[in-house]
Each structure stands twice: as structure tokens, then as C-alpha cells.
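Remarks on the overall topology
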Amino acid sequence: MRRHFRILLFCTLLAFFSVLYVFSQLASSLETEGGFSERRAQLASSRSDYSGHKVKKVSGNEGPADQGWDERHSADRPATPVEPMHLAVVACGSRLEETLTMLKSAVLFSRKPLLFHIFAEDELHSGFREALNSWPAVFQAKFNYSMYPITFPHENAKEWKKLFKPCASQRLFLPLLLKDVDSLLYVDTDILFLQPVEEIWNFLSQFNSSQLAGMAPEHEEPRIGWYNRFARHPYYGQTGVNSGVMLMNMTRIRAKHFKNDMTSVPLLWGELLMPLLQKYKLNITWGDQDLLNIIFHHNPEGLFVFPCQWNYRPDHCIYGSNCAAAEQHGVFVLHGNRGVYHNDKQPAFQAIYEAIQQYPFGADPVGGLLLPLEEKLRGASHTYCGRVAHLFTKRLRQSIGDLHAGPRRKA
């Protein structure tokens, strides 16, 4: 009888602890499921918060390796961000206002988002930030920007900085400094876009598998070409190329081993630059542009050449019109080299610069930009470039028409 009682007691205890175990497992399961749901909610909240912010660089002295970004909320940012077009420029000395006018022309006519990479001397940073942050919100929504200091390899910084013009050779180091950027458009400060930036940006998709950069010829007419008459170093093609407007697939540039005339072993971009300068520094006139011509002389398969209307300079009209593509389609990108925006030697170029510089954001683009420009161009008809003023306004008129039609379409 006592044995049966022990068996009964044992079974009762076993059943009791089994029930406790089942309840404890159930409670644990419910708690875990609740915690996972809370974590998923936190992640969803985090993603929503991230997608609702616009990133804008505001710090003035940090370099590309020091990405101290500040986030600004933008209610207009789309749920799925559009990859921006990367536009790089290098500004030193008195080039602040000229650079801002170039950036203004890019913002005015472009429809896709832009990301400006502005390399400038430290004393110019505050001027850039104050100007860009003062532009109307509707135009600020079209771009972000990053400020960087002028940065050269420490061991040769002085030599690079004094090459040709101060800071001009900075462009050679963009693939090494902007390591997270796949492709960009580099332009000189004296560039003006007369149509949307995306039109030249689209050339990147036309590169074949070997091409990693795009530039326009230095000259169309060999009889007035500089490289084929005076250069004391190798150069690309028949008349060389001009680097004032340069598309760069920087992923390919960083990966390629470049043929050269210094060693039988192809060199990476970072390995190539200093030896090239040391070999040719006494023979080059136009600094970094000459070095680019030497590089693509030995690696012609790497260059995409776009027509002259994408880099239209006084050379194309100063001795008579010699850019056939511009005569057919108009000027797309204006390059005011030789300081022509700031003197009276080429009043047609100066008129376009001043018209864009003085145009008030948001004003009627026909009455505030196109008509004043056409009036000024009529006063330049005594010069060769002034006689082809219709080439400057042909494409610009279309861009202004699109700009003028934009608000009416939205309304």
C-alpha cells in the first residue's frame, strides 16, 4: 500500500512540473516574439528616418577622408533617392564668384539632382557656404555640396601646387581622394552650362569597356593648333585634348594599369603621376593638361572624345568659326578661358557670363536672362565671336524655354 502511495505521489509531482515547464516555455516564446516585433519596428523607423533626410556637407576644413556630414530634413526628397550627378571643381585665389556662377548655371537648367565636390583654399570655404545656403529653397533642393581643402601628396605638395596655375593640378588626384565616387564630371571654374548637366553626363553610358575618361579636342583646325605646332612632349591624337571639361569613370581609372614611356611595366594612376611630372616638368606648358595628354597618348583606347560644342572656347571663333558641331547644334558648354569673362577682348563671352551671374533666381528667364543677353550680344558684332552669337543662344534658348515652361507645367 505504501509503495502505491509513493508511485502516485511521484506521478503527481511529475505532472505538476511538466505543466510548469509548458507554461514557462509559452511565456518565453511570447516575450521573444514581442521583442522581435519591437526590433523590427525600430529598424523600420530608422529606415524611414534615413530616407527622409538630405545630407549636406557643412564643415569647412575636413578632407575627403574625414566625412563629417550634417543631416538636414527635406520633405521634398523622394522615397527612393535618385543617384546624383557628381560635379567637381577646384577654386583658388579670386575664383569664388566665377565658380558660383558656374554652379548657378548647372543648377538653373538641370533636372536631375547634383552633388557638388568643391575643392578650395580654406579662406574661400565660408564664402561658398554663405552663398550656396542663401539660394532659394526651390533651387537648393536640386543639389547637395561637399567642401574639401586643397590636398596634394605631402612629399611633393609645393611642386604640384605651383604647376601651371595654383591648385589646377588638384584634378589629377580626384580619383585618389574621392574613393567612394564611381564617376564624376570635372570642370574648370570658367565653365558655363547652357543646357542641363545630364546631357553631358549621359556620355558616361556611351563609354565602351576600355574608356575611362572623356574630353574634347584642344583644336579643330590643325593650322592654328598649339600641341601639333609647339608641344615638346607626346600628346593625344592630332591636336591634343583640352581638360577644362572632363568626364571621369574613376572606378576604372583607379583599377587600370597605364602604359607609359618611363618603364615597361604599366603603372597604376597613383604610381604614374609623380614620375611623369619629374620626367616632363621642364617640357610642359599647360601643367596637368599636358600630363593628361601624355597619359592618353600612350593609352588612347582609354579616352572618349566628345565634340567641340561641349567645350566651346574663344579658339573656336576668335579667328573665324571652326567648330562645325556648334554651327549645326549650337554651343552646349561654354569655356571662357584666357580670362575672357573679365575683360573686353571677347565681349560675347563676357555678355553670357554677366547675364547668368546677374539673373535673379526665380525671375522670368526670358525677360530676366534671354532678352538682356541678346541685347548685349548685338553689341559684340564687331568681333568674330560676336558674329556667331546665334551659336551661343541656340541651345540656351531651348534650355530657357524648358525653364520657363517648368512652373506652368507644375501649375
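So, a few notes on the structure that sits alongside this text. (Residues numbered from 1 in each chain as written. Predicted model: local features only at pLDDT ≥ 70, side-chain atom pairs only at ≥ 80, totals over all residues. Heavy atoms only, no water.)

**Digging into the packing of helix α2 (residues 96-109) against helix α13 (residues 347-358)**
The N-to-C vectors of α2 and α13 enclose an angle of 75°; their axes lie 9 Å apart at closest approach. Between α2 and α13, the angle falls in the class roughly perpendicular. In this structure, α2 contributes Glu97, Glu98, Thr101, Lys104, Ser105 and Leu108 to the contact, and α13 contributes Tyr353, Ile356, Gln357 and Gln358. A class-by-class count of the residues in the contact of α2 with α13 yields three nonpolar, four polar and three charged. (Axes fitted to C-alpha atoms, helices over the stretch in contact; angles between N-to-C directions. Helix = DSSP H or I, 4+ residues; strand = E, 2+ residues; numbered from the N terminus. Parallel < 35°, antiparallel > 145°, perpendicular 65-115°, else oblique. Contact = heavy atoms within 4.5 Å. Nonpolar A, V, L, I, M, F, W, Y, C, P; charged D, E, K, R; others polar.)

**Looking at unusual backbone geometry**
Here Arg338, not a glycine, exhibits a phi torsion of approximately 65°, which is positive. Along the polypeptide, Arg338 turns up in the loop between β13 (333-335) and α13.

**Structural notes on the state of the cysteines**
Using the criterion set out here, one finds three disulfides in the structure. What pairs with Cys92 in a disulfide is Cys167, and their sulfur atoms sit 1.8 Å apart. Residues Cys92 and Cys167 share a disulfide whose torsion about the S-S bond is about -95°; that sign makes it left-handed. Placement of Cys92 in the loop between β3 (85-91) and α2 and of Cys167 in the loop between α5 (157-161) and α6 (174-177) is noted, with a sequence separation of 75 residues between them. The pair formed by Cys92 and Cys167 is uniform in burial state, with each residue classed as buried. The disulfide partner of Cys308 is Cys323, and the S-S distance across this bridge is 1.9 Å. Across the S-S bond linking Cys308 and Cys323, the dihedral sits near 95°, which makes this disulfide right-handed. Here Cys308, found in the loop between β12 (303-305) and α12 (324-329), pairs with Cys323, found in the loop between β12 and α12; they are 15 residues apart in sequence, far enough to count as distant. Classification of Cys308 by relative accessible area gives buried; the value is 3%. Going through the protein in sequence order and numbering each bonded cysteine, the pairs you get are 1-2, 3-5, 4-6. (Disulfide = S-S within 2.5 Å. Buried < 20%, exposed > 50% of the residue type's maximum accessible area, 1.4 Å probe, protein only.)

**Digging into the sheet that holds strand β5 (residues 143-148)**
Spatial ordering of the open sheet is given by β5-β4-β3-β6-β9-β8-β12, a layout of seven strands whose pairing is mixed. Both edges of this open sheet fall to β5 and β12, since each of them pairs with a single strand only. Between one strand axis and the next, the sheet turns through 25° on average, direction left out of account. Pairing of strand β8 (residues 213-217) with strand β9 (residues 241-249), which is carried by four bridges, proceeds in the antiparallel orientation. In the strand pairing of β9, Pro217 is matched with Val241. Taken strand by strand, helix α11 (residues 288-298) contacts β8, β9 and β12, and its axis lies near 65° from that of β9. (Pairing = 2+ DSSP bridges.)

So, to be careful, I would describe these as geometric facts and stop short of saying anything about function.
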